[in-house]
Each structure stands twice: as C-alpha cells, then as structure tokens.
Amino acid sequence: MSGRLLRLVCTAATVACAVLAPVPAAAVPEPGEPTVARLLTDLQRLYREAERATETYNATEEKLKRQRAEVKRLDGELARVRLSLHDRRGDAGRLARQQYQSSTEISSYVQLLLARSPQHALDQGHVIGQLARERAQAVGRLAGSEKKADALARRARAALDKQLALAERQKKDRDEVRGRLDDVEELLASLTPEQLDDIAELEREGVEAAQQDVVVSGALGPERPASGQGLRAVNYALRQLGKPYEWGAEGPRTYDCSGLTSQAWEHAGTPVPRTSQEQWAKLPKVPLDRLRPGDLVVYHRDATHVAMYLGEGEVVEAPRTGERIRVSPIASYPILGAVRPDGPQPSGGQESEAR
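This is a predicted model, so every value here is computed, not measured.

A. Focus on the overall build of the protein. Of the regular secondary structure elements, the protein holds eight helices and five strands. Secondary structure elements of the protein, listed N to C terminal, follow the sequence α-α-α-α-α-α-α-α-β-β-β-β-β. Buried residues in the protein amount to 45% of all 355 residues. When contacts within the protein are restricted to residue pairs at least 6 apart in sequence, long-range pairs at least 24 apart make up 74% of them. Accessible surface for the protein amounts to roughly 18700 Å². Of this, 52% is attributable to carbon and sulfur atoms.

Put into structure tokens, the structure is as follows:
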C-alpha cells in the first residue's frame, strides 16, 4: 500500500469494516455531488473487490506451495530411481560378462564326456545356468526401472509445467489485487476530510444498527466456554492486536483476515485451510446460537472475509488495507455463517444466515 493511501485512511480516523447492510440517511449533498451513502457504497464495493482478489491470490499461493513440494518430491524420487537404474545396468553387464567367461562353444554333452570329473562339469553347468537366470532377472529389473524412470520423468515434467502455470497465474492475481487497491486509493484521494468523516460516521451507525438487530434477535444464543484449543487460538489472535493488515500476509508482523485465523489455529495445534473460502467449505459448520470462542465467523455470500469469535458478540479480525488487527462487533459485515476447526459437524448444523 502506498504512503498516500495510508495517510488518507488515517485522516478518516477509521473507515470501519465493510458493511453492506442498509445505512442511515445522511445530509443532502450539493447538486451534482454524490451522497455520503453512495460514497460509502462505492467504497465498500471497492474494498470487497480487493478482498475477493486477495483471497483468490491466497488460494493460488497455496496451490503453488503444494505444487512446489510435489515437484521437489518427484525430483527426489526420480534421482533415486536413476541411481538404482545405473546400479542395475552395472549388475546386468557384470552378469553378462561372467556368463560369457564361464561358457564355451562346446556342447554341455561333450564337456561332460571330456571332463576329468563329471561332477565338476555338472557343477559348472549349474553355475552357468544360475548366471543365466540371474542375468535374466537383472534384465527384467532393469527394464522395470527404465519404465519407472521414464514415467517419473514425465510426471516431473508435467508437475513443473503446472508449477510454472501457477506462478504465472499468481502474478496475474497479484496484479489484480494491486489494481483493486489502486481503485480504493483513487476514490479516497477524491474525497475531502469532511466527506471521509461523514463516511466513517455513517458506517459506524450502520454497524451499530446491525449489531443491535443480531443481539435483539437472540441469534447468538447463550455464552459457551471455549475448548482448550479454541482458547489457545483466541489468545494467539489477541496477541496480534494492533498489527497492520497486509494482503497475502500470514504473520508474524502483518496479516490478512484468513492469515490471522489460519495462523491462530495452527499455533493452537489444529491446522486449517489458508483462505476464508476454504475454511468455510471444508470446516464443520456450527449454528450461530452455538458459537463459542475460537470459532470462525465467515462473512459475505462468497465467503471472502473471516474473523474469530471472542464471545459476547465480538470478534477479533484483520479488517482491511490501511487498518490494524482489532476487536469488532460480530455484525460488522453480512454474516454467512460459522465454522468450528476443532469440532465435528454438529447435528442439524446447517449454514446460518444472520442477515
């Protein structure tokens, strides 16, 4: 993020979390001037587009990490097979030489008649036969190793091609994030300090109203104690308070939203997927009225934001570019549902739409 964007965000004191819920009416603007509500909607949209692009970048980054590990594994296996192939070629050559040196053009029947000791001739014939069998086995193993080496070489090449394609895609995803953040910067740069203050106030009022709706509805249910792992995850997340948001970051100095939640549960002893979308798709769902500290609250219909539940209607989150990790109301965004990294799928635990 440029220093210009950071200064503009700081001027606004706080342009709080992106809330898409209806917001209170604002003062009537001058003719031709966009309303504060319209500006807020535009800003929310741009932040959401940047967040969506960030999660896409994170997903590609995770695939690239896995692909690099696969390429490394295949390269190591291919090196071992090639070394074995070299040894087996040597074995086959040695056995061929031994068989040749132990045999003659004279038939085994004539050798038996001319031998000083018929038993010696029989033993020699047995040795020659054994060498022939060993050579045939060695040739068979050699052929198998060559076939395996060829197959591994093709797989390694395909894996490398896939890695290169993912690296190229990652560059495009990175450029997409930067482009979206440039759009945010451009909008912020066009606003006056008074407009930024009005936007922040309107957004704050919208969050308060949405939070009140959730609390009054009883959607959160009674308070529940955290599990041991959940408590460790919460404590880790709270230790990160005040650290800057940075897209694509997983700590320890900066985090994005899913970077914070994934690292918190990693340190609690339960690894979870890296992105908010994967966390929503792969972790056990839990109804909002059964939330306990450590559970992950996922936001927006496309699951592009995530925070960690603390209890009493609050979450800890890495909000967005220009802001720092903080404690926020659970209703700061439209809630998609919640997941529990350390729990089985609860009976009847379906997706929960809070708003």
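B. Just the pattern of salt bridges, in detail. With the rule as written, the count across this model stands at 20 salt bridges. Between Glu 317 and Arg 326 there is a salt bridge; the shortest N-O distance is 3.8 Å. There is no split in this pair, since Glu 317 and Arg 326 are both buried. Each of Glu 62, Lys 65, Glu 250, Asp 256 and Arg 274 takes part in a single network of salt bridges with overlapping partners.

C. Just the side chain of Glu 317, in detail. Of note, Glu 317 is situated in strand β3 (residues 314-317). Side chain to side chain, Glu 317 and Ser 328 meet in a polar contact 2.7 Å long.

D. Structural context of helix α7 (residues 257-268). If you check α7, its first and last C-alpha atoms are 17 Å apart, about what twelve residues at 1.5 Å a residue would give, namely 16 Å. Counted residue by residue, α7 has ten buried out of twelve residues, so it is predominantly covered. Where α7 is concerned, the buried positions are Cys 257, Ser 258, Gly 259, Leu 260, Thr 261, Ser 262, Gln 263, Ala 264, Trp 265 and Ala 268.

E. Structural view of unusual backbone geometry. The residue after Gly 251, namely Pro 252, is reached through a cis peptide bond having omega 0°. Among the structural elements, Pro 252 can be located in the loop between α6 (228-239) and α7. Despite not being glycine, His 300 shows a phi value in the positive range, around 70°. Along the chain, His 300 turns up in the loop between β1 (296-299) and β2 (305-311). Residue classification places His 300 among the buried positions, given a relative accessible area of 3%. We note that Glu 312 has phi near 55°; this positive angle belongs to a residue other than glycine. Turning to its location among the elements, Glu 312 is positioned in the loop between β2 and β3.

F. Up close: the nonpolar core. In terms of nonpolar packing, the biggest core is built from 31 residues, with Trp 265, Leu 296 and Met 308 touching the most fellow members. When contributions to this core are tallied by element, the ones reaching two or more residues are α2 (36-102), α4 (118-189), α6, α7, β1, β2 and β5 (335-339). By residue number, the principal contributor to this core is α7, which donates five residues. The residues touching Trp 265, leaving out its near neighbours within four places in the chain, are Gln 229, Gly 230, Ala 233, Thr 270, Pro 271, Val 272, Gly 294, Leu 296, Met 308, Pro 341 and Asp 342.

G. Spatial organisation of a positive patch on the surface. Taken together, the side chains of Lys 63, Arg 66, Lys 162 and Arg 169 present a region of like positive charge at the surface. When residues of the positive patch are traced back to their parent elements, those giving at least two are α2 and α4. Summarising the element assignment, Lys 63 is placed in helix α2. Owing to a relative accessible area of 36%, Lys 63 belongs among the partly exposed residues under this scheme.

Here is what the cut-offs are and how they apply
Residues numbered from 1 in each chain as written. Predicted model: local features only at pLDDT ≥ 70, side-chain atom pairs only at ≥ 80, totals over all residues. Heavy atoms only, no water. Helix = DSSP H or I, 4+ residues; strand = E, 2+ residues; numbered from the N terminus. Buried < 20%, exposed > 50% of the residue type's maximum accessible area, 1.4 Å probe, protein only. Contact = heavy atoms within 4.5 Å. Areas by Shrake-Rupley, 256 points an atom, 1.4 Å probe, with all protein chains shown as cover. Salt bridge = Lys/Arg side-chain N within 4 Å of Asp/Glu carboxyl O. Polar contact = N/O pair within 3.5 Å; in protein donor to acceptor, adjacent residues only side chain to side chain. Expected span 1.5 Å × (residues − 1). Core = buried A, V, L, I, M, F, W, Y, C linked by side-chain atoms within 4.5 Å. Patch = residues over 30% accessible without salt bridge, like charges linked within 9 Å, V, L, I, M, F, W, Y side chains within 5 Å. Lys, Arg positive; Asp, Glu negative; His and termini not counted. Charge placed at Lys NZ, Arg CZ, Asp CG, Glu CD.

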